[in-house]
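Architecture and fold: a report
Here's the letter readout for the chains.
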Amino acid sequence: MFHNVAILLIDDDEDDFLIIKGIIREITDRQYTLDWVSSYDQGLKDILARRHDVYLVDYRLGVRTGLELIKESIARGIGKPMILLTGQGTLQIDEQAMEAGAYDFIEKSTLNPHLLERAIRYSIRHAGDIHEIRKLNLDLERRVQERTQALAGVIKELQEANKNILKAKEEVSRSLAREKELNELKSRFVSTASHEFRTPLSAILSSINLIGRYSKPGDEEKRVRHINKIQSAVNNLQEILNDFLSLGKLEEGIVRNNPSLFDITEFSEGLTEEMQGLAKNEQNIIYQHL
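Quick look at the structure, then. (Residues numbered from 1 in each chain as written. Predicted model: local features only at pLDDT ≥ 70, side-chain atom pairs only at ≥ 80, totals over all residues. Heavy atoms only, no water.)

What follows deals with a nonpolar patch on the surface. Together, Phe262, Ile264, Phe267, Leu271, Met275 and Ile285 make up an exposed nonpolar region whose accessible area comes to about 570 Å². By secondary structure assignment, the location of isoleucine 264 is in helix α8 (residues 264–278). (Patch = residues over 30% accessible without salt bridge, like charges linked within 9 Å, V, L, I, M, F, W, Y side chains within 5 Å. Areas by Shrake-Rupley, 256 points an atom, 1.4 Å probe, with all protein chains shown as cover. Salt bridge = Lys/Arg side-chain N within 4 Å of Asp/Glu carboxyl O. Helix = DSSP H or I, 4+ residues; strand = E, 2+ residues; numbered from the N terminus.)

What follows is about the packing of helix α2 (residues 40–49) against helix α3 (residues 66–75). Two elements in contact, α2 and α3, have axes whose closest approach is 11 Å; the angle formed by their N-to-C orientations is 30°. Between α2 and α3, the crossing angle belongs to the class labelled roughly parallel. Handedness of the crossing formed by α2 with α3: right-handed. Residue-level contacts link Tyr40, Leu44 and Ile47 of α2 to Glu68, Leu69, Glu72 and Ser73 of α3. (Axes fitted to C-alpha atoms, helices over the stretch in contact; angles between N-to-C directions. Parallel < 35°, antiparallel > 145°, perpendicular 65-115°, else oblique. Left-handed = near helix turned anticlockwise from the far one by under 90°. Contact = heavy atoms within 4.5 Å.)

Take helix α4 (residues 91–100) next. Along α4, the residues that are buried comprise Ile93, Ala97 and Ala100. One side of α4 carries all its buried residues, which in axial view fall inside an arc of 70°. In this structure, α4 carries Leu91, Gln92 and Glu99 as exposed residues pointing more than 90 degrees from its buried face. Of the surrounding secondary structure, the elements contacted by the buried residues of α4 are α3, β6 (82–86) and β7 (104–107). (Buried < 20%, exposed > 50% of the residue type's maximum accessible area, 1.4 Å probe, protein only. Arc of directions from axis to C-beta.)

Reading across from one edge, β2-β1-β3-β6-β7 is the order of the five strands in this open sheet, with parallel pairing throughout. Here the strands that pair on one side only, and so sit at the sheet edges, are β2 (32–37) and β7. Between one strand and the next, the sheet's axes are offset by a mean angle of 20°, whatever the strand orientation. In this sheet, β6 lies alongside strand β3 (residues 54–58) in parallel orientation, the contact comprising four bridges. Among the inter-strand pairings, tyrosine 55 is bridged to a residue of β6, identified as methionine 82. Across the sheet, helix α1 (residues 14–25) touches β1 (5–10), β2, β3 and β6, and the angle it forms with β2 is around 180°. Along the sheet, α3 contacts β1, β3 and β6; its crossing angle with β6, the most-contacted strand, is approximately 170°. (Pairing = 2+ DSSP bridges.)

As a further point, take the nonpolar core. A general feature of soluble globular proteins is that nonpolar side chains tend to end up buried together. Of all hydrophobic cores here, the largest spans 21 residues; its most connected members are Ile10, Ile47, Tyr55, Val57, Leu69, Ile70 and Leu84. Only β1, α2, β3, α3, β6 and α4 provide two or more residues apiece to this core. When neighbours within four sequence positions are excluded, tyrosine 55 is seen to be in contact with Leu8, Asp46, Ile47, Arg50, Ile78, Lys80, Pro81, Met82 and Ile83. Counting residues in each nonpolar core, the second largest holds 20 residues, with Phe17, Leu34, Leu85 and Leu111 among its members. (Core = buried A, V, L, I, M, F, W, Y, C linked by side-chain atoms within 4.5 Å.)

Moving on: the packing of α3 against α4. Axes are the key here: two packed helices are described by the angle between their axes and the distance separating the axes. Running from N to C, α3 and α4 point in directions that differ by 15°, and their axes come no closer than 9 Å. Classed by the angle they form, the pair α3 and α4 counts as roughly parallel. α3 and α4 meet at a crossing whose hand is right-handed. Here Leu67, Ile70, Lys71 and Ile74 of α3 lie close against α4, whose contacting residues are Gln96, Ala97 and Ala100. Tallied by class, residues from the contact of α3 with α4 come to five nonpolar, one polar and one charged. (Nonpolar A, V, L, I, M, F, W, Y, C, P; charged D, E, K, R; others polar.)

Here it is, written out as structure tokens:
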């Protein structure tokens, strides 16, 4: 399954190198090449060069330890399997090796071809599994990021749509308020126009009634005066009707009145005369102006 596996031994004892070299030669069904460095610094340099498939790291490397080398190598992005070698095996060292990131832990006194081959084979397989898991994690992170970006786009579109809906709602509210205002204005205008119609119509009816009573030759002046009132009332009525039919003024919200000066005494006397003409025989209308 594994062919031409390149191994790097990092051990400050040459005797250990010769022993491990002899053990590897006894592994006949696998092809291994073994390189050796005796210092922490050279070991780190060769590890970072990434020329080997497996690293055998001694626990003692002068003033430094193999655990430190394993941690530093992993921190620098090395994903190849590392196997810790130690002169004596304890549970504490085993736990430290696993915590540092070592793939396996072998006590030198128990080292033999079968144990070393098995440790190398399992470590390589385990490293391959971890590599696949990391690839899957990266792919998953990429997909999550893409979905997150897509979701952010959808959220942004929904926010824009919501803004448009709120804007449309505000426009509808303003339109309804404007429509309500126009309806109220139309109602007031109709009410005003209806009231204004009554005044000239009453004057016309009153004058017509009085003209019918002024049939004597001496009543000519009175008849003319009432005819003039009728003509004036008709003109006034026509102006009111024109304003009433002018929908443009309603839409603009404009209803204007045109005030004018008049003689209150003359108006009151004429009104008294008109009302007296409509009064019964026993009724008298008295007007006084101070």
